[in-house]
Amino acid sequence: VCPAALLVVAAFWGLFFYNRDLIWPAQMDEVIPQTYGHMMHTTLAIFALLELLIYDHQYLSFNKGLAVCMMYAVGYVTWLYYIRYATGIWVYPLFYKLTKPWKKEIFICGIMSFLLAFYCIQNGLHHAIHGSKQPDLVQDKAKNVKVRKTE
């Protein structure tokens, strides 16, 4: 949750301050108040970071967690392209500006690299705050597999 929340906040506000029409055109203010934009794109990170500070999650291994994070990202991008295919409309106005070949895909790869960075940051923060809580593994020589150590 935390890496995706941080990505949403960073991408939204980064694009908003660069050129708000790329992500939240001024006409949207007449339909959706700016306070609602803050609720969707600012408080998200605050609550995700509070959860990270307060709750000691039992995470998957780094590689498995990263794989789940990337599967989420691929699913989200697939959904964006499906909406475009089904309705003819891009969810984000920015995609209308990325008209040259591969511009959208390069942008999406850049966003995914930020997601990877936020995953690493979240993982590092969790270990710094709560310590390493990975389960102890022992080698079961009879089955030649690693199993969780039980007490």
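Anyway, here's the lowdown on the structure attached to this text. It should be emphasised that the depicted structure is a prediction, and the values quoted were computed from it without experimental measurement. (Residues numbered from 1 in each chain as written. Predicted model: local features only at pLDDT ≥ 70, side-chain atom pairs only at ≥ 80, totals over all residues. Heavy atoms only, no water.)

Observations concerning the nonpolar core
Now for step 1: Phe12, Phe16, Ile23, Leu94 and Phe95 are the most contacted members of the largest nonpolar core, which has 29 residues in total.
Now for step 2: Secondary-structure elements contributing two or more residues to this core are α1 (2-19), α4 (43-54), α5 (62-87), α6 (94-97) and α7 (103-130).
Now for step 3: Per-element tally for this core: the top contributor is α1, with nine residues.
Now for step 4: Ignoring sequence-local partners within four residues, the contact set of Phe95 consists of Leu80, Trp90, Lys104, Phe107 and Ile108. (Core = buried A, V, L, I, M, F, W, Y, C linked by side-chain atoms within 4.5 Å. Buried < 20%, exposed > 50% of the residue type's maximum accessible area, 1.4 Å probe, protein only. Helix = DSSP H or I, 4+ residues; strand = E, 2+ residues; numbered from the N terminus. Contact = heavy atoms within 4.5 Å.)

Re the side chain of His126
Now for step 1: Inspection of the secondary structure puts His126 in helix α7.
Now for step 2: According to the relative accessible area criterion, His126 is buried, its value standing at 2%.
Now for step 3: Looking at His126, its side chain comes within polar contact range of the side chain of Asp56, at 3.1 Å.
Now for step 4: In this structure, His126 is in contact with Leu52, Asp56, His57, Tyr59 and Gly131, ignoring residues within four places of it in sequence. (Polar contact = N/O pair within 3.5 Å; in protein donor to acceptor, adjacent residues only side chain to side chain.)

A few points about the packing of α5 against α7
Now for step 1: Their axes nearest at 11 Å, the elements α5 and α7 cross at an angle of 150 degrees. Judged by the inter-axis angle, α5 sits roughly antiparallel to α7. Crossing of α5 against α7: the hand is right-handed. Contact residues: Phe62, Gly65, Leu66, Cys69, Met70, Ala73, Val74, Val77 and Tyr81 in α5; Lys104, Glu105, Ile108, Met112, Leu115, Leu116, Tyr119, Cys120 and Asn123 in α7.
Now for step 2: Its residues assigned to classes, the contact of α5 with α7 shows 14 nonpolar, two polar and two charged. (Axes fitted to C-alpha atoms, helices over the stretch in contact; angles between N-to-C directions. Parallel < 35°, antiparallel > 145°, perpendicular 65-115°, else oblique. Left-handed = near helix turned anticlockwise from the far one by under 90°. Nonpolar A, V, L, I, M, F, W, Y, C, P; charged D, E, K, R; others polar.)

Quick word on the pattern of salt bridges
Now for step 1: Considering all chains together, one arrives at one salt bridge under this definition.
Now for step 2: One salt bridge in this structure joins Arg20 and Asp29, with 2.9 Å as the shortest N-O distance.
Now for step 3: On the basis of relative accessibility, which here comes to 26%, the residue Asp29 falls in the partly exposed class. (Salt bridge = Lys/Arg side-chain N within 4 Å of Asp/Glu carboxyl O.)

Comments concerning the layout of surface pockets
Now for step 1: Its boundaries defined by the atoms lining it, the largest pocket holds a volume of some 720 Å³.
Now for step 2: Val8, Ala11, Ile23, Tyr76 and Tyr92 are the residues nearest the centre of the largest pocket, which is lined by 30 residues in total.
Now for step 3: Among the secondary structure elements, those contributing two or more residues to the lining of the largest pocket are α1, α3 (34-41), α5, α6 and α7.
Now for step 4: In terms of residue count, the dominant contributor to the lining of the largest pocket is α1 (seven residues).
Now for step 5: Reported here for the second largest pocket is a volume of approximately 370 Å³.
Now for step 6: If you go around the second largest pocket, you meet 18 residues; those closest to its centre are Val1, Cys2, Pro3, Tyr59 and Gln122.
Now for step 7: Of all the elements in the fold, those that place two or more residues in the lining of the second largest pocket are α1, α4, α5 and α7.
Now for step 8: Examining the composition of the lining of the second largest pocket, we find that four residues originate from one element, α5, more than from any other.
Now for step 9: Tallied by class, the residues present in the lining of the second largest pocket amount to 13 nonpolar, four polar and one charged. (1 Å grid on protein atoms, 1.4 Å probe; cavity = no way out; pocket = protein on both sides within 12 Å on 5 of 7 lines; lining within 4 Å. Points joined across faces, edges and corners; volume = space filled by probe spheres on them.)

Distances and angles like these do not, on their own, reveal function.
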